[in-house]
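Here is how the chains run, residue by residue.
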Amino acid sequence: MKRFLSIILSLLFITGFVFAEEEGDEYDDGYVYEVNGEGDQFIKINLGSIIPLNFSSDGLNRLYSGGVMELGYYRFLNKWLAVGGEMSASYNISVGEKILVMIPFTFGIMYQPTYNDFEFPIFAEIGFSYESWQNMDYFPSLAAKLEAGGFYRINEICSVGLNTSFMWIPQWFKDSQYNKNGLFMTASIGARYHF
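Given the structure is predicted, the values throughout are model-derived calculations rather than measurements.

About the cut-offs
- Residues numbered from 1 in each chain as written.
- Predicted model: local features only at pLDDT ≥ 70, side-chain atom pairs only at ≥ 80, totals over all residues.
- Heavy atoms only, no water.
- Phe/Tyr/Trp six-rings, centres within 6.5 Å; stacked < 30°, edge-to-face > 60°.
- Helix = DSSP H or I, 4+ residues; strand = E, 2+ residues; numbered from the N terminus.
- Buried < 20%, exposed > 50% of the residue type's maximum accessible area, 1.4 Å probe, protein only.
- Pairing = 2+ DSSP bridges.
- Core = buried A, V, L, I, M, F, W, Y, C linked by side-chain atoms within 4.5 Å.
- Contact = heavy atoms within 4.5 Å.
- Polar contact = N/O pair within 3.5 Å; in protein donor to acceptor, adjacent residues only side chain to side chain.

### Considering the packing of aromatic side chains
Working step 1: Applying the stated criterion across every chain, the model contains nine aromatic pairs.
Working step 2: Seen in terms of ring centroids, Phe42 and Phe76 are 6.0 Å apart; in terms of plane orientation they differ by 50°. Their pairing is tilted. Note that Phe42 is positioned in strand β1 (residues 41–52) and Phe76 in strand β2 (residues 66–76), a separation of 34 residues in sequence. There is no split in this pair, since Phe42 and Phe76 are both buried.

Set out below in structure tokens:
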């Protein structure tokens, strides 16, 4: 019986060598994995501050910095370009304690160069906005936005980083003396879910 067990164990040991792969003998189908590719998508959420750039420094219409929240969706056309849109909501308070509320909806394109695990998205967007100020509502207003940021890709599905944007929201009236050009800058912290 001992001889039989010895023979079986020896055969099992030898068959392990027969079926073992040699080092470097892995299957290579030529596919190069890209972090972002055609059809990849992401949802982004940004929270931060919105700073008015061109409101008078005196009088009751002077605006203080306020808060902004952005939610967006983008889909990659290739590893560099994506298209999509976003909605944001922001508020600013004036010296006279009046509240300016803006809710722009924008659609645009994103170009994103990458370096290792770092991604640098650049957005150009245009759309429309709803605004409320002193119990008056303005809809639709034009909204245009340029945005840039830097993100660190934690893993395949998550990246975090910082964003800044420049936003132009004009109000045009039949009587041009009442026309206004709202210029704003945002600084925010963002997170993106990639799928």
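Having put the structure on the table, let's press on.
### Describing the pairing of strand β10 (residues 180–194)
Working step 1: Summarising the sheet, β1 and β10 pair through 11 bridges and their orientation is antiparallel. If you follow Leu47 over to β10, its bridge partner there is Ile189.
Working step 2: Looking at chain direction, strand β9 (residues 158–171) and β10 are connected through 14 bridges and run antiparallel. Along β10, the bridge assignment pairs Asn163 with Ser188.

### Focus: the nonpolar core
Working step 1: Among the nonpolar cores identified, the biggest contains 10 residues, and these are Ile50, Leu63, Val68, Leu100, Met102, Trp133, Ala143, Met167, Ile169 and Phe184.
Working step 2: Setting aside chain neighbours within four positions, we find Phe184 in contact with Ile50, Ile51, Pro52, Leu53, Phe55, Leu63, Asn92, Leu100, Met102, Ser165, Phe166 and Met167.
Working step 3: Counting residues in hydrophobic clusters, the runner-up holds six residues, among them Phe42, Phe76, Ala82 and Phe123.

### Focus: unusual backbone geometry
Glycine aside, negative phi is the norm for most residues, and most peptide bonds take the trans geometry.
Working step 1: A cis amide bond links Phe139 with the next residue in sequence, Pro140, at an omega value of -10°.
Working step 2: Not every positive phi belongs to a glycine, and Asn116 is a case in point at roughly 50°.
Working step 3: Within the element layout of this structure, Asn116 appears in the loop between β5 (114–115) and β6 (118–119).

### A word on the side chain of Ser165
Working step 1: With respect to the helices, strands and loops of the structure, Ser165 is situated in strand β9.
Working step 2: Judged by its relative accessible area of 3%, Ser165 is buried.
Working step 3: Among the polar contacts listed, one links the side chain of Ser165 to the side chain of Thr186, at a separation of 2.4 Å.
Working step 4: Not counting chain neighbours up to four residues away, the residues in contact with Ser165 comprise Glu70, Lys145, Leu146, Glu147, Phe184, Met185 and Thr186.

### Observations concerning the pairing of strand β8 (residues 136–153)
Working step 1: The pairing of β6 with β8 spans two bridges and is classified as antiparallel. The partner of Phe118 across the bridge, within β8, is Tyr152.
Working step 2: Across 10 bridges, β8 lies against β9 in antiparallel orientation. Bridge pairing in β9 places Leu146 opposite Phe166.
Working step 3: Count of turn residues in the β8/β9 antiparallel hairpin: four residues.

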